[in-house]
Amino acid sequence: MSECIFCRIAAGRAPARLVWQDDEAVAFHDLHPQAPVHLLVIPRRHLVSVNAAAPADRDLLGHLLLVAAQVARSAGLEARGYRIVTNCGADAGQSVFHLHLHVLGGRPMGWPPG
Ligand code: 5GP
Ligand code: ZN
């Protein structure tokens, strides 16, 4: 079975425009950006979604949010604001089944999302 694409990116076995790397997380530009800035923040460890997270993942989940805020600031999004989204399962339209936070900014966002 082929390895998950985000596991491959985290391991450096698939190309991505990285903006952050640490022991637990990686962030990179989305291949098909939906806003002027569209970054993805992922854990290095494969986790399908927040639905698959356990209490033991609490620190990791918090870390991902802090990395999302850091890369948003680095991308210049702090003043105008930005959105952090994680799609979970079919109704949300999740298409890559390795947990990721979308960081979207650089334009006004509608609400509610479609
Ligand atoms: P989802 O629909 O699961 O919430 O989001 C998956 C996101 O991953 C999409 O925005 C899609 O454009 C992005 N994506 C899928 N494959 C790749 C890839 O190989 N490289 C990068 N950088 N982004 C990807
Ligand atoms: Zn994976």
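Keep in mind it's a predicted model, so treat the numbers as computed, not measured.

Asker: Residue-level account of the site of ligand 1, with values.
Answerer: Near ligand 1 you find 17 residues, and of these His 29, Asp 30, Asn 87, Ser 95 and His 102 are the closest. The separation between an oxygen atom of ligand 1 and a polar side-chain atom of Asp 30 is 2.5 Å. Take His 100: an N or O atom from its side chain is 3.0 Å from an oxygen atom of ligand 1. For the shell around ligand 1, the secondary structure elements donating two or more residues are helix H1 (5-10), strand S2 (25-29) and strand S3 (37-43). If one sorts the elements of the shell around ligand 1 by residue count, H1 sits on top with three residues. Of the residues assigned to the shell around ligand 1, the class counts are seven nonpolar, nine polar and one charged.

Asker: How would you summarise the sheet that holds S2 if you had to cite specific residues and measurements?
Answerer: On the basis of which strands lie adjacent, the open sheet formed by five strands has the order S1-S2-S3-S5-S4 and antiparallel pairing. Across the chains shown, the open sheet's two edge strands, defined by having one partner strand only, are strand S1 (18-21) and strand S4 (82-85). In this sheet, adjacent strand axes meet at a mean angle of 15° when their direction is disregarded. Here S2 runs beside S3; their pairing, made up of five bridges, is antiparallel. Its bridge partner being in S3, His 29 is matched across the sheet by Leu 39.

Asker: Describe the nonpolar core, listing the residues and the values that go with them.
Answerer: Counting residues in each nonpolar core, the largest one holds 15 residues, and the members touching the most others are Val 41, Leu 64, Val 71 and Val 103. Among the elements of the structure, S2, S3, helix H2 (58-74) and strand S5 (101-105) are those that each provide at least two residues to this core. The element contributing the most residues to this core is H2, with five residues. What Val 103 contacts, discounting residues up to four positions off in sequence, is Val 37, His 38, Leu 39, Val 41, Ala 68, Val 71, Ala 72, Leu 77, Tyr 82, Arg 83 and Ile 84. Ranked by size, the runner-up nonpolar core spans eleven residues in total, among them Cys 4, Ile 9, Phe 28 and Ile 42.

Reading the values: rules and limits
- Residues numbered from 1 in each chain as written.
- Chains lettered and ligands numbered in written order.
- Predicted model: local features only at pLDDT ≥ 70, side-chain atom pairs only at ≥ 80, totals over all residues.
- Heavy atoms only, no water.
- Near = heavy atom within 4 Å.
- Polar contact = N/O pair within 3.5 Å; in protein donor to acceptor, adjacent residues only side chain to side chain.
- Helix = DSSP H or I, 4+ residues; strand = E, 2+ residues; numbered from the N terminus.
- Nonpolar A, V, L, I, M, F, W, Y, C, P; charged D, E, K, R; others polar.
- Pairing = 2+ DSSP bridges.
- Axes fitted to C-alpha atoms, helices over the stretch in contact; angles between N-to-C directions.
- Core = buried A, V, L, I, M, F, W, Y, C linked by side-chain atoms within 4.5 Å.
- Buried < 20%, exposed > 50% of the residue type's maximum accessible area, 1.4 Å probe, protein only.
- Contact = heavy atoms within 4.5 Å.

None of this, on its own, says anything about what the molecule does.
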